[in-house]
Amino acid sequence: NLKKFPEGFLWGASSSAYQCEGGWNQDGKGMSVQDLHEGTAEISDFKVTSDFYNRYKEDIAMMKAMGFKSYRFSISWTRIIPNGDGEINQSGIDFYNKVIDELLDANIEPIITMYHFDLPLELQKKGGWLNRDVTVPAFMKFAKAIFKAYGKKVKYWLTINELNLLVLMNMFGQDFLSPTDKKYTIGEAFQIGHHLFIAQALAMKELHETFPKCLIGPAPNISSVYPASSKPEDVLAAQTAAVFRSWYWLDAPVRGEHNPIVIKWLDELGFNLEIRDGDDEILKAAKPDFVAFNYYSTMTVKAWNNESTTSKKSDQQQGLGIPNMFMDAKNEHLGKTEFGWSIDPVGFRVTSREIFERYRLPMLLTENGIGVREELNSDMTVNDDYRIEWYKDHIIEMRKAISEGMEFIGFNPWSAMDLVSTHEGFQKRYGFIFVNRDEKDLRDLKRYRKKSSYWYEELIKNNGNN
Ligand code: BGP
């Protein structure tokens, strides 16, 4: 008794500029904070990645062959404005015009992420997101430039990728904000969060005013939080963790409010967010058209009991713990990928129910997927049956959620082609399209469709109603 996916459902896949484009210094591009990653003996840097910058036609031709309805990609701020807030670089504008035209010619709807982890280095040197008076106006200059350039052609826009993880991971020792910068204090990290909220709200309002036909929304990483047991203390811990992990970051863009649980906690730690006159109005004035979100797996927590929890692992669910509130806990019921991320397709449905119940906006899935070490077979195939299983299991849960009345407008998992993982280099592949290189040896960078891409092509042909 499952409902059909709606007509025009946006089946596609995702990527981000610094992880797939390469061409890190081509045609006037400036340095972003990601260009500081030098890589290690084992792990690649971000200089060449998948070379999408020079091979986008080939990639888009494969997406077309797969029948993609949409492709979510990000715009490199430093291609458009190399030093962050100075002159506009026409070659940068031209590049994305070519990509967008190529997509539209292939009947693929572009979904643009305005900003995906790659702050211009020159802005970081001036204090980055902590320096509101420099970085927020710079972001708006960038926003206006790309709206003007692409607003007539591109309907779907996302503001900031994983705004929540930008702040949270930094607090817990990872380096999404700036690889070389000092670790921010908790107060600074949440102050940065507020500046990102303001930038995001201003951008949503600006797009609505200048291109009323365009749709825009936030794109945080959202997942449900399970209590490790039915002990009331654990249930309470899970609720609190969900606010820190997810709801604080959606309450601001959707309801125009700072969740009081986080504000109270900051207050007790002696951090008062600097909220300026007029900020509340800015947040309230922005009205997202949908909630886009990235979902990989759920998180399980128990009440804090003084054990140390900070872990530096790249699993997005690990290491998140707050003294006296919650700490991460094992979930014995979930399997794990070879990179240790837990596998939870039912959690996708749990998460989407929670989002829809809370915000009543259409949902757009902008990331989901399985990262795996993969090699090309001698007959140039990749038999990624595990990826087919993964997507089957997640898509059926999405369909059940739709059947229950949740609204979804698209599914754009991670990733279209193999690209450089945020922390694990090229060894961790997510793509439907295999890119022939390894960590250090660029080989020929040729593209080959994996088995999952043929399965996905069939699924899209049937609009998911297999
Ligand atoms: C998300 C990011 C992506 C992507 C993905 C997979 O957090 O938005 O940029 O990298 O996670 O993570 P990883 O590359 O660490 O496996």
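Here the structure is a predicted model, which is why all the values come from computation and not from measurement. (Residues numbered from 1 in each chain as written. Predicted model: local features only at pLDDT ≥ 70, side-chain atom pairs only at ≥ 80, totals over all residues.)

> I tried to follow the overall build of the protein on my own but got confused; where do I start?
When you go through the protein residue by residue, the secondary structure sums to 14 helices and 13 strands. The globule rule puts the C-alpha radius of gyration for 466 residues at 23 Å, and the 21 Å found for the protein is close to it. Counting only C-alpha atoms and orienting by the principal axes, one finds that the protein spans roughly 60 × 50 × 45 Å. Put simply, the protein has 466 residues, and 51% of those count as buried. In the protein, 77% of the contacts between residues at least 6 apart in sequence involve partners at least 24 apart. (Helix = DSSP H or I, 4+ residues; strand = E, 2+ residues; numbered from the N terminus. Rg over C-alpha atoms; globule rule 2.2 N^0.38 Å. Buried ≥ 20, exposed ≤ 12 C-beta atoms within 10 Å, placed from the backbone. Contact = placed C-beta atoms within 7 Å.)

> It is not clear to me how helix H6 (residues 132-150) should be interpreted in this structure. Could you clarify?
In an α-helix, one turn spans 3.6 residues, which is why side chains three or four residues apart end up on the same side. Over its 19 residues, H6 runs 26 Å from end to end, which matches the ideal 27 Å to within 8%, given 1.5 Å per residue. Restricting attention to buried positions, one finds in H6 the residues Thr135, Ala138, Phe139, Phe142, Ala143, Ile146, Phe147, Ala149 and Tyr150. Taken together, the buried residues of H6 touch helix H3 (77-80), helix H4 (90-105), strand E3 (109-115), helix H5 (121-125) and helix H8 (186-210). (Expected span 1.5 Å × (residues − 1).)

> Mind showing me how you'd approach the environment of Leu121 here?
Its location among the elements puts Leu121 in helix H5. Among the residues examined, Leu121 registers 22 C-beta atoms within 10 Å and is labelled buried. Look past the residues within four positions of Leu121 in its chain and what remains in contact with it is Met31, Ser32, Val33, Asp35 and Leu36.

> Can you help me understand the sheet that holds strand E11 (residues 408-411) in this one?
The strands making up a sheet associate through hydrogen bonds between their backbones, and the pairing can be parallel or antiparallel. Spatially, 8 strands are ordered E5-E4-E3-E2-E1-E11-E10-E7 in an open sheet, and the strand pairing comes out parallel. The open sheet terminates on both sides in strands that have one partner only, identified here as strand E5 (215-219) and strand E7 (291-294). Pairwise comparison of adjacent strand axes, ignoring direction, gives a mean angle of 25° for this sheet. (Pairing = 2+ DSSP bridges. Axes fitted to C-alpha atoms, helices over the stretch in contact; angles between N-to-C directions.)

> Explain the packing of helix H7 (residues 163-171) against H8 to me, please; I cannot follow it from the model alone.
Working note: a packed helix pair is described by the angle between its axes plus the distance between those axes. Two elements in contact, H7 and H8, have axes whose closest approach is 9 Å; the angle formed by their N-to-C orientations is 170°. One element, H7, and the other, H8, form an angle in the roughly antiparallel class. Between H7 and H8, the contacting residues are Leu163, Leu166, Val167, Asn170 and Met171 on the first element and Ile186, Ala189, Phe190, Ile192, Gly193, Leu196 and Gln200 on the second. (Parallel < 35°, antiparallel > 145°, perpendicular 65-115°, else oblique.)

> Just to check I follow, could you spell out the UniProt feature "active site" (unreviewed entry) in the protein for this structure?
Residues given the UniProt feature "active site" (unreviewed entry) here are Glu367. Mapped onto the secondary structure, Glu367 falls in strand E10 (residues 363-367). Ignoring anything within four residues of it in the chain, the contact list for Glu367 reads Ser14, Asn294, Pro413 and Trp414. (UniProt positions renumbered as here; feature names shortened; annotations may be inferred.)

> How should I be thinking about the nonpolar core in this particular structure?
Generally speaking, a soluble globular protein has its nonpolar side chains buried in company with each other. One finds Met114 and Val301 to be the most contacted residues of the largest nonpolar core, which totals 134 residues. For this core, the leading source of residues is H8, giving 12 residues. When neighbours within four sequence positions are excluded, Met114 is seen to be in contact with Ile75, Ala143, Ile146, Trp157, Leu158, Thr159, Ile160 and Ala203. (Core = buried A, V, L, I, M, F, W, Y, C linked by C-beta atoms within 7 Å.)

> Can you help me understand the sheet that holds strand E6 (residues 225-227) in this one?
Overall, mixed pairing links the 3 strands, which are arranged E6-E8-E9 in an open sheet. This sheet does not close on itself; its edge strands, each paired only once, are E6 and strand E9 (326-328). Between one strand and the next, the sheet's axes are offset by a mean angle of 45°, whatever the strand orientation. Lying on the sheet, helix H9 (residues 232-255) is in contact with E6, strand E8 (299-303) and E9; it crosses E8 at an angle near 130°.

> I keep staring at unusual backbone geometry and nothing clicks. Help me out?
Most peptide bonds take the trans configuration, and most residues that are not glycine carry a negative phi. Cis geometry marks the peptide bond from Trp414 to Ser415, where omega comes out at 10°. Even without being a glycine, Met380 presents a positive backbone phi close to 65°. Looking at Met380, the number of C-beta atoms within 10 Å reads 11, which means it is exposed.

> Just to check I follow, could you spell out the packing of helix H12 (residues 345-359) against helix H13 (residues 385-403) for this structure?
Interhelical geometry of H12 versus H13 gives an angle of 30° and a closest axis separation of 8 Å. One way to sum up the angle between H12 and H13 is to call them roughly parallel. Regarding H12 and H13, the two cross each other, and that crossing is right-handed. Residues Pro345, Val346, Phe348, Arg349, Ser352 and Arg353 of H12 lie in contact with H13, whose contacting residues are Asp393, His394, Glu397, Met398, Lys400 and Ala401. Residues belonging to the contact of H12 with H13 are distributed by class as follows: 5 nonpolar, 2 polar and 5 charged. (Left-handed = near helix turned anticlockwise from the far one by under 90°. Nonpolar A, V, L, I, M, F, W, Y, C, P; charged D, E, K, R; others polar.)

> What is the right way to look at the pairing of strand E4 (residues 156-161) in this model?
Working note: regular strand, side chains alternate between the two faces of the sheet. Taking burial as the measure, the 6 residues of E4 include 6 buried ones, the bulk of the element. Bridge count for E3 against E4 is 4 bridges, and the pairing is parallel. Bridging across to E4, Ile112 finds its partner in Trp157. As judged from the 4 bridges shared by E4 and E5, these two strands associate in the parallel manner. Bridge assignment links Leu158 to a residue of E5, and that residue is Gly217.

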